[in-house]
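Architecture at a glance
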Amino acid sequence: MARFTKETARTAGAKGGRVSRPKKLSLERVSKELGPLDELEDAQHWLTLIARWALAGLVPGTTAHASVRAVETFLKVHESQLTREVVEDIKGEVDRLKADLKRPRVKAV
């Protein structure tokens with residue numbers, strides 16, 4: 001039966017610390033797992049991974065926060081594009097209705 005001494009305890013503690021310390025994420029792994037940020041579904045995927053990595057201690061809180069802010073910025077830009085498209089559609093509809101109003105009408109007898 002093995003006896004624990006100060007030395008064996010110190011060695012076991014050092015090994016345990018190394019084993020339990022999370023590894024850093026590589027740029028290659030991050031790029032592969034995150035994928036592009038082009039669609040709303042991509043933003044959801046990014047936020048899920050960022051949260052998991054932060055909770056697992058794979059990224060520092062400041063890095064997680066910066067990453068979430070990048071996704072929030074993407075969402076604002078996406079929303080702005082959608083709003084612009086809707087406004088352009090409404091303008092087109094208003095122009096069409098104005099043109100309809102300017103046409104002479106035939107009265108029904």
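Comments concerning the nonpolar core
Of all hydrophobic cores here, the largest spans 13 residues; its most connected members are Leu 37, Trp 46, Trp 53 and Val 71. Counting residues per element, the ones that place at least two in this core are α3 (40-55) and α4 (61-102). Counting residues per element, this core draws most heavily on α3, at five residues. Among residues more than four places away in sequence, those in contact with Val 71 are Leu 37, Ala 43, Trp 46, Leu 47 and Ile 50.

Section: α3
A rise of 1.5 Å per residue sets the reference length of α3, with its 16 residues, at 22 Å; its end C-alpha atoms lie 23 Å apart and thus fit the reference within 8%. All of the buried residues along α3 are Asp 42, Ala 43, Trp 46, Leu 49, Ile 50 and Trp 53. Seen along its axis, α3 keeps its buried residues to an arc of 135°; they face one direction. Exposed side chains of α3 directed beyond 90 degrees from the buried face belong to Glu 41, Gln 44, Arg 52 and Leu 55. Against the buried residues of α3 lie α2 (27-34) and α4. One or two residues past the end of α3 sits Gly 57, with phi positive at roughly 80°.

Here's the deal with a nonpolar patch on the surface
On the surface, Val 86, Ile 90 and Val 94 cluster together into a nonpolar patch covering about 240 Å² of accessible area. Mapped onto the secondary structure, Val 86 falls in helix α4. On the accessibility criterion, Val 86 (46% relative accessible area) is partly exposed.

Things to note about the pattern of salt bridges
One pass over the full model with this rule turns up six salt bridges. One salt bridge in this structure joins Arg 96 and Asp 100, with 2.9 Å as the shortest N-O distance. Residue Arg 96 and its partner Asp 100 are both found in helix α4; the two are separated by four residues, about one turn of the helix. Overall, Arg 96 belongs to the partly exposed group, its relative accessible area being 41%. Given the relative accessible area of 23%, Asp 100 is considered partly exposed.

Topic: the side chain of Asp 42
Here Asp 42 is to be found in helix α3. Contacts of Asp 42, omitting those with residues within four sequence positions, involve Pro 36 and Leu 37.

Cut-off values and rules
Sequence order as written defines the numbering, with residues in each chain counted from 1. Totals for whole chains, interfaces and linings use every residue, but because this is a predicted model, local features are given only for residues with pLDDT of at least 70 and side-chain atom pairs only at 80 or more, for both listing and counting. To obtain the side-chain values, all non-hydrogen atoms of the structure were included, while hydrogens and water were left out. The nonpolar core is taken to be a set of buried Ala, Val, Leu, Ile, Met, Phe, Trp, Tyr and Cys residues, with the residues joined through side-chain atoms within 4.5 Å. The cut-offs for exposure are 20% and 50% of the maximum accessible area for each residue type, with area from a 1.4 Å probe on protein chains only; residues under the lower value are buried, those over the upper are exposed, and the others partly exposed. In this text, helices come from DSSP runs of H or I with a minimum length of four residues, and strands from runs of E with a minimum of two, each type numbered from the N-terminal end. The contact definition used throughout considers only heavy atoms, calling two residues in contact when any of these lie within 4.5 Å. Each helix should span, by expectation, one fewer than its residue count multiplied by 1.5 Å. For this quantity, the arc is that covered by the directions from the helix axis to the C-beta atoms. Like charges are joined within 9 Å and nonpolar side chains (Val, Leu, Ile, Met, Phe, Trp, Tyr) within 5 Å, but only among residues with over 30% relative accessible area and no salt bridge; these make up the patches. Values of accessible area rely on a 1.4 Å probe in the Shrake-Rupley scheme; residue burial ignores everything except the protein chains shown. Counted as salt bridges are all cases of a side-chain nitrogen of Lys or Arg within 4 Å of a carboxyl oxygen of Asp or Glu.

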